[in-house]
Amino acid sequence: MKNLPFHTCILGLGERSTKYYLTTLHKKYYEKLGEYHTFPFLMYQIDFDAINRFLPNQFDKLIPELTGILDTISIFNAKQYLIPNITLHETLDQIDHHLHFAHPVQIAITYCLSHDIDKIVLFGSRYTMSSNYIPKMFKAKGLSIIKPSEEDQLLIDHFRTKTYASNDTESDYRSYKQLIQKYTSASHVITACTELSLHHVQLKNSKVIDMALLQIEKVLTQDP
């Protein structure tokens, strides 16, 4: 196993978010090649609770935990690695490693630059929307992040939390869609949370950029 190369290695985390990535990868790979094609990958599944309890920013616990995981998956010698969790990349950025990851924030920045989008509203977890992590990375490339109002941040995070627990309702979705419509009336919106990604296709709004979907599409373009 140690010397057997794989092209893509996926780190299995939470059940619903990981399933979203896998389902979307297979779907888009099939759309690309047709017939009976399914996306080839190796997945290393961990007990997500070992990491989730320290998210989003208990870095003194997260860094050694994730470092150990990186050491383990490095033996697969994959050409690219995929982490199906946006927030965890803030920890990844603080670890010295040699692995190639499809980094969702960097990919999103490249997308915005190539599409002449210089201002964008950030939807995500409460932590993501209040943290300076993503805005700082965007600002370094001349891009501006606009944050929703405090009240709307609470509503977005409430919807995200309910989605994570799989008890979101149609009424919850309608309220979330209204927020999307409110902010896309004057700007693009970028969703930086996998729970919100689960609702992306249903929105059918071209002004919503899903960070996880960009990450998935990048992985597909790198596949031979």
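Residues numbered from 1 in each chain as written. Predicted model: local features only at pLDDT ≥ 70, side-chain atom pairs only at ≥ 80, totals over all residues. Heavy atoms only, no water.

## Topic: the side chain of Glu-90
Locating Glu-90 in the fold gives a position in helix α4 (residues 88-92). Buried charged residue Glu-90 carries no salt bridge. Nearest counter-charge: Lys-136, at 9.1 Å. What Glu-90 contacts, discounting residues up to four positions off in sequence, is Phe-59, Tyr-127, Ser-131 and Tyr-133. (Helix = DSSP H or I, 4+ residues; strand = E, 2+ residues; numbered from the N terminus. Buried < 20%, exposed > 50% of the residue type's maximum accessible area, 1.4 Å probe, protein only. Lys, Arg positive; Asp, Glu negative; His and termini not counted. Salt bridge = Lys/Arg side-chain N within 4 Å of Asp/Glu carboxyl O. Contact = heavy atoms within 4.5 Å.)

## Re helix α12 (residues 211-222)
For α12, built from 12 residues, the straight-helix expectation of 16 Å at 1.5 Å per residue is met to within 8% by its first-to-last C-alpha distance of 17 Å. Here α12 has its buried residues at Met-211, Ala-212, Leu-213, Leu-214, Gln-215, Ile-216, Val-219 and Leu-220. (Expected span 1.5 Å × (residues − 1).)

## Here's the deal with the state of the cysteines
In the structure shown here, the tally under the stated rule is 0 disulfides. Free of any disulfide, Cys-112 has its nearest cysteine sulfur in Cys-193, 17 Å distant. (Disulfide = S-S within 2.5 Å.)

## A short note on the packing of helix α1 (residues 15-33) against α12
For the pair α1 and α12, interaxial distance at closest approach is 10 Å and the crossing angle is 50 degrees. Relative to α12, the element α1 is oriented oblique. Read as a crossing pair, α1 and α12 show a hand that is right-handed. On the side of α1, the interface is formed by Tyr-20, Tyr-21, Thr-24, Leu-25, Lys-28, Tyr-29 and Lys-32, while α12 contributes Ala-212, Leu-213, Gln-215, Ile-216, Glu-217, Val-219 and Leu-220. For the contact of α1 with α12, the class distribution of residues is 9 nonpolar, 2 polar and 3 charged. (Axes fitted to C-alpha atoms, helices over the stretch in contact; angles between N-to-C directions. Parallel < 35°, antiparallel > 145°, perpendicular 65-115°, else oblique. Left-handed = near helix turned anticlockwise from the far one by under 90°. Nonpolar A, V, L, I, M, F, W, Y, C, P; charged D, E, K, R; others polar.)

## Observations concerning the packing of helix α5 (residues 104-114) against α12
Across the interface, α5 lies against α12 with an axial gap of 9 Å and an inter-helix angle of 90 degrees. One way to sum up the angle between α5 and α12 is to call them roughly perpendicular. Contacts from Pro-104, Val-105, Ile-107, Ala-108 and Tyr-111 of α5 reach α12 at Met-211, Leu-214, Gln-215 and Lys-218. Residue classes in the contact of α5 with α12 are distributed as 7 nonpolar, 1 polar and 1 charged.

## Regarding the sheet that holds strand β4 (residues 119-123)
Within a beta sheet, neighbouring strands are joined by backbone hydrogen bonds and run either parallel or antiparallel to one another. Strand order in the open sheet made by the 4 strands is β5-β4-β6-β7, with parallel pairing throughout. Lying at the two open borders of the sheet, with one neighbouring strand each, are β5 (144-146) and β7 (208-210). Taking each pair of neighbouring strands and ignoring which way they run, the sheet shows an average axis angle of 35 degrees. Relative to strand β6 (residues 188-191), β4 is paired through 4 bridges, and the arrangement is parallel. Within β6, the position partnered with Val-121 by the bridge is Val-189. (Pairing = 2+ DSSP bridges.)

## Thoughts on the confidence of the model for the protein chain
In the predicted model, the protein chain carries a mean pLDDT of 94, and 96% of its residues have values of at least 70. For the protein chain, helix α11 (residues 200-203) is the element with the lowest average pLDDT, namely 92, and β6 is the one with the highest, namely 98. Throughout residues 1-5 the model reports pLDDT below 50, and contacts reaching past four residues in sequence, or to other chains, amount to 7 contacts. (pLDDT = per-residue confidence, 0-100.)

## Concerning the sheet that holds strand β3 (residues 80-82)
The parallel open sheet is built from 3 strands, whose spatial order is β2-β1-β3. For this open sheet the edge positions go to β2 (42-45) and β3, each flanked by a neighbour on one side alone. When strand polarity is set aside, the average angle formed by the axes of neighbouring strands in this sheet is 25 degrees. Relative to β3, strand β1 (residues 8-12) runs parallel, the two sharing 3 bridges. Along β3, the bridge assignment pairs Ile-10 with Leu-82.

## Some thoughts on the pairing of β6
Relative to β7, β6 is paired through 3 bridges, and the arrangement is parallel. By the bridge assignment for β7, Val-189 is matched with Val-208.

## Remarks on the side chain of Glu-195
Here Glu-195 lies in helix α10 (residues 194-197). When residues no more than four places from it in sequence are discounted, the contact partners of Glu-195 are Arg-160, Thr-163 and Tyr-164.

## Structural notes on the pattern of salt bridges
In total, this model carries 9 salt bridges according to the counting rule given. For Glu-150, the salt bridge is made with Arg-126, and the minimal N-O distance between the two is 2.8 Å. Taken together, the positions of Glu-150 in helix α8 (residues 150-164) and Arg-126 in helix α6 (residues 126-130) put the pair 24 residues apart, joining distant regions of the chain.

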